[in-house]
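# Chain and residue survey
Single-letter residue listing:
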Amino acid sequence: MSKLFAFSGSDDFCPGGSIYPNRKESSLFFYPNQDVYFPPCKRCRISSPFVFAGGKFEQKKPSIEILPDECLFEIFRQLPGGQERSTCACVSKRWLTLVSNIRRDEINDNKTTQASDLEYESTDKKGGVSSEDVDSDVEGDGYLSRSLDGKKATDVRLASIAVGTASRGGLGKLFIRGSKSRYGVTTVGLRAISRGCPSLRVLSLWNLSSVGDEGLCEIANGCHQLEKLDLCHCPSITDKSLLAVAKGCTNLTNLTIEGCANIGNEGLQAIARSCPNLKYVSIKDCPLVGDQGVASLLSSASYSLTKVKLQALSITDVSLAIIGHYGKAVTDLSLTSLPNVSEKGFWVMGNGHGLQKLKSFTVTSCRGATDLGLEAVGKSCPNLKQLCLSKCPFLSDKGLSSLAKAASSLECLQLEECHRITQFGFFCSLINCGAKLKVISFANCLGIKDLNSGLPPLSPCESLRSLSIHNCPGFGDASLFALGKLCPHLQHVELCGLHGITDAGVLPLLESCEAGLLKVNLSGCVNLSDKVVQTISNLHGWTLELLNLNGCKISDASLVAIGENCQLLTDLDISKCTITDSGIAALAYFNPINLQILSVSGCSMVSDKSLPSLGKLGETLLGLNLQQCKAISSRAVELLTEQLWRCDILF
């Protein structure tokens, strides 16, 4: 006891040290009214303070959280610059939401807003915002652009984008590709964009089932400079959204709607009334869209609308009649999968004489695209340059020939899966297209059979530069021999998947090309040999840039000829060929060779011995395909990858 009264404070009362880690905790043993002195010390940080009240512990909110949203909102809008507001947005989700809901005209800022250096686009589940997943600026047409895909498409990220870009003039382009994440984009995120980015010009929303009319109405009310709107698979968006867009975004020039089951004629009619500058319209797979909506768009924007795409709609001949009469400015027209459109619709569209400026016309899977209807279109479109016809079952040789003859300005003719077209239709279109035809392409036309008798004397097609025949099994040597006489100035030749052609048919075509070939694609022509490759190398090696021999019966001799003569070759595909290590070595021996893309996929006789040769070729290579080369080891590929550090290697 005497020791207790003699204690001066310089010695420890307990030799083993204090029994309280925090000396303030010892106050629990004193009476409340007793004064106790504690030396100044740093206050302990408690992330979640608790108080004891009513016989239980209760969590005590930090003092800053006691302030209502209205007070915090008023504080944030008084901040002098965008960087300060961005910093405040990092504190919590609540603060981020409040900052993102400040409109530009609500900010009390008399000075020039400084550019913000940070954008905070992610948050943890506790509410804190971090900069871990900040997207870098993507410039496009002079506007800030952002793209959010999958799980990154959330309201928090949109709010962060709105806050971070507000001080830089706001966001110009926003692309959102949603997912099934429960934290996906909702009205909250779009509201933040509408208030923080009033200068938004381009908005693209894909696969956003959680976005409805309320969110798009927020955009329409806040982003009056919107020019391009893309809505794809947004089932909750209805005509109400388009009514709001029509009212608030009168500068709209591009409208794309796809897979929106609740958008119909009323919304399109509102757009037609309020958006006189509409230039591009694409509507696909919208069951409620009919003739009234399409007719309103075409008739109201007859002098501005230049591109129209209609696919999988329930429209009838009435819509095509409107297009033919009011499409005075249309230059590009695409019609796909329109089951209710008949031959009469195409005929009336052609005889409407309104498509005087039409340059590109695409028709796919339309049963109404018959000989009579397409011929009428060809006659009424004097400036038609590109014609693409796919899956037109009622188009015959006679109709194709008449169409080609009527479209005197045609430069490109493409046909795919038109099975009533035969060899006579092919050559008649080639002859009748006129002096401007440059490109002709036929793909998967099963009606083409090789000629059994020779064609009568025909004048050459001097203008043709590109010939493409894909997977037409009836196309054979006799047809190629005739093409060699008709097309002396070819530069691009693609003969793919033609099992019926041999060296005897290809060689005359190659020998007749006077200008020098730039690109030759013979993939899938299994009956071609080294003789064809040697001819190409000898006659056209001085101009050749691309050569595809995938699946051809060629050997190392072809690679020797290529190495000797094709010094300008940049792209070579010799996949599934019978080449060996010697052929690769021969290719690498000749200098200078400027190969940038090389594919030897499926060449089972190319082994690790080709590693030095591939390394030498790699001085210029940017892409190398070694897939399914079973004789090449993984270790060899690793060494090659280290050596060719700038080349993308597939293995």
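An unreviewed UniProt entry lists the chain under the name F-box domain-containing protein, with Gossypium mustelinum as the source organism. On record in UniProt, under Pathway (unreviewed entry), the comment for the chain is "Protein modification; protein ubiquitination." The Subcellular location (unreviewed entry) field of the UniProt record for the chain holds the comment "Nucleus".

This part is about the overall build of the chain. Counting its regular elements, the chain contains 22 helices and 25 strands. The contacts of the chain with a sequence gap of at least 6 include a subset with a gap of at least 24, amounting to 79%. Looking at the chain as shown, the accessible area adds up to about 31500 Å², and 53% of this sits on carbon and sulfur atoms.

Taken as a whole and assessed by the stated rule, the structure comprises three aromatic pairs. A ring pair is formed by F426 and F427, whose centres lie 5.1 Å apart and whose planes are at 85°; its orientation type is edge-to-face. Taking the relative accessible area as the measure of exposure, F427 reaches 2% and is therefore buried. Between F426 and F475, the ring centres sit 5.7 Å apart and the planes meet at 90°, which makes this aromatic pair edge-to-face. Of the two residues, F426 is situated in helix α15 (residues 423-432) and F475 in the loop between β18 (466-470) and α16 (477-486); the sequence distance between them amounts to 49 residues. An identical accessibility class is assigned to F426 and F475; each is buried. Connected via pairs of aromatic rings, a cluster forms that spans F426, F427, F442 and F475.

This part is about helix α14 (residues 397-406). For α14, the complete set of buried residues consists of D397, G399, L400, S401, L403 and A404. Taken together, the buried residues of α14 touch α13 (371-380), β15 (386-390), β16 (412-416), α15 and β17 (439-443).

Let us now look at the environment of S613. As for its position among the elements, S613 is in helix α21 (residues 611-617). Residues S613 and Y589, spaced 24 residues apart in sequence, show a C-alpha to C-alpha distance of 8.0 Å. Beyond its immediate stretch of four places on either side in the chain, S613 contacts I584, A585 and A588.

To continue, consider the pairing of β18. Burial analysis of β18 places four of its five residues in the buried class, which makes it a mostly covered element. In the sheet, β17 pairs with β18 via five bridges, with the strands oriented parallel. Along β18, the bridge assignment pairs S441 with S468. Of the strand pairs in this sheet, β18 and strand β19 (residues 492-496) are connected by five bridges, and their pairing is parallel. Each residue of the ladder has a partner; that of S468, found in β19, is E494.

Across the chain, the average pLDDT comes to 81, with 75% of residues at 70 or higher. Counted against residues more than four places away or in other chains, residues 1-39, with its pLDDT under 50, gives 13 contacts. Ignoring residues within four places in sequence, the model shows residues 42-48, a span with pLDDT below 50, making two contacts including any to other chains.

On to the packing of helix α19 (residues 556-565) against helix α20 (residues 581-589), then. At a closest axis distance of 8 Å, the pairing of α19 and α20 adopts a crossing angle of 5°. Comparing the axis directions of α19 and α20 gives the class roughly parallel. Taken together, the residues of α20 that come into contact with α19 (itself represented by D556, L559, V560, I562 and G563) are S582, G583, I584, A586 and L587. Its residues assigned to classes, the contact of α19 with α20 comprises six nonpolar, three polar and one charged.

The next point concerns the side chain of D291. Among the structural elements, D291 can be located in helix α10 (residues 291-300). For the buried D291, which has no salt bridge, the nearest side chain bearing the opposite charge is K344, at an N-O separation of 12 Å. Here the side chain of D291 touches T316 through a polar contact of 2.5 Å, side chain to side chain. A polar side-chain atom of D291 sits 2.5 Å from a polar atom in the side chain of S319.

Turning to the environment of G189, a few remarks are in order. Considering the arrangement of structural elements, one finds G189 in helix α6 (residues 187-196). Under the relative-accessibility criterion, G189 is labelled buried at 0%. Expressed as a C-alpha distance, the spacing of G189 and T154, which sit 35 residues apart in the sequence, is 7.2 Å. Contacts of G189, omitting those with residues within four sequence positions, involve D155 and L158.

In this section: empty space enclosed by the protein. Per the stated rule, a full pass over the model turns up two cavities of 30 Å³ or more. Approximately 40 Å³ is the volume found for the largest cavity. Where the lining of the largest cavity is concerned, the elements lending two or more residues are α21 and α22 (634-643). Grouping the constituent residues of the lining of the largest cavity by class yields seven nonpolar, two polar and one charged. Considered as a void within the structure, the second largest cavity measures approximately 30 Å³ in volume. V281, I283, V294, L297, L298, L305, V308 and L310 are the residues that line the second largest cavity. When residues of the lining of the second largest cavity are traced back to their parent elements, those giving at least two are β11 (280-284), α10 and β12 (307-311). Considered class by class, the residues forming the lining of the second largest cavity number eight nonpolar, no polar and no charged.

The N-to-C vectors of α14 and α15 enclose an angle of 10°; their axes lie 8 Å apart at closest approach. By the angle between their axes, α14 is roughly parallel relative to α15. Contacts between α14 and α15 involve D397, L400, S401, A404 and K405 on the former and, on the latter, F424, G425, C428, S429 and N432. When its residues are assigned to classes, the contact of α14 with α15 shows four nonpolar, four polar and two charged.

Counting residues in each nonpolar core, the largest one holds 165 residues, and the members touching the most others are F346, F361, F442 and I574. Residues in contact with F346, not counting those within four places in the same chain, are L320, L335, V341, F361, V363, C366, G368, A369, G373, L374 and V377.

Time to look at α13. Counting buried positions along α13 gives seven out of ten residues, so the element sits mostly inside the fold. For α13, the set of buried residues is D371, G373, L374, A376, V377, G378 and S380. Its buried side turned inward, α13 meets α12 (343-351), β14 (360-364), β15 and α14.

In terms of residue burial, strand β13 (residues 332-336) counts as a mostly covered element, since four of its five residues are buried. Of the strand pairs in this sheet, β12 and β13 are connected by five bridges, and their pairing is parallel. Residue pairing in the sheet places V308 in a bridge with L333 of β13. Taken together, β12, helix α11 (residues 317-326) and β13 constitute a β-α-β crossover, and its handedness is right-handed. Here β13 runs beside β14; their pairing, made up of five bridges, is parallel. In the strand pairing of β14, T336 is matched with T364.

Criteria and cut-off values
- Residues numbered from 1 in each chain as written.
- Predicted model: local features only at pLDDT ≥ 70, side-chain atom pairs only at ≥ 80, totals over all residues.
- Heavy atoms only, no water.
- UniProt positions renumbered as here; feature names shortened; annotations may be inferred.
- Helix = DSSP H or I, 4+ residues; strand = E, 2+ residues; numbered from the N terminus.
- Contact = heavy atoms within 4.5 Å.
- Areas by Shrake-Rupley, 256 points an atom, 1.4 Å probe, with all protein chains shown as cover.
- Phe/Tyr/Trp six-rings, centres within 6.5 Å; stacked < 30°, edge-to-face > 60°.
- Buried < 20%, exposed > 50% of the residue type's maximum accessible area, 1.4 Å probe, protein only.
- Pairing = 2+ DSSP bridges.
- pLDDT = per-residue confidence, 0-100.
- Axes fitted to C-alpha atoms, helices over the stretch in contact; angles between N-to-C directions.
- Parallel < 35°, antiparallel > 145°, perpendicular 65-115°, else oblique.
- Nonpolar A, V, L, I, M, F, W, Y, C, P; charged D, E, K, R; others polar.
- Lys, Arg positive; Asp, Glu negative; His and termini not counted.
- Salt bridge = Lys/Arg side-chain N within 4 Å of Asp/Glu carboxyl O.
- Polar contact = N/O pair within 3.5 Å; in protein donor to acceptor, adjacent residues only side chain to side chain.
- 1 Å grid on protein atoms, 1.4 Å probe; cavity = no way out; pocket = protein on both sides within 12 Å on 5 of 7 lines; lining within 4 Å.
- Points joined across faces, edges and corners; volume = space filled by probe spheres on them.
- Core = buried A, V, L, I, M, F, W, Y, C linked by side-chain atoms within 4.5 Å.
- Right-handed = clockwise from strand over helix to strand, strands pointing away.

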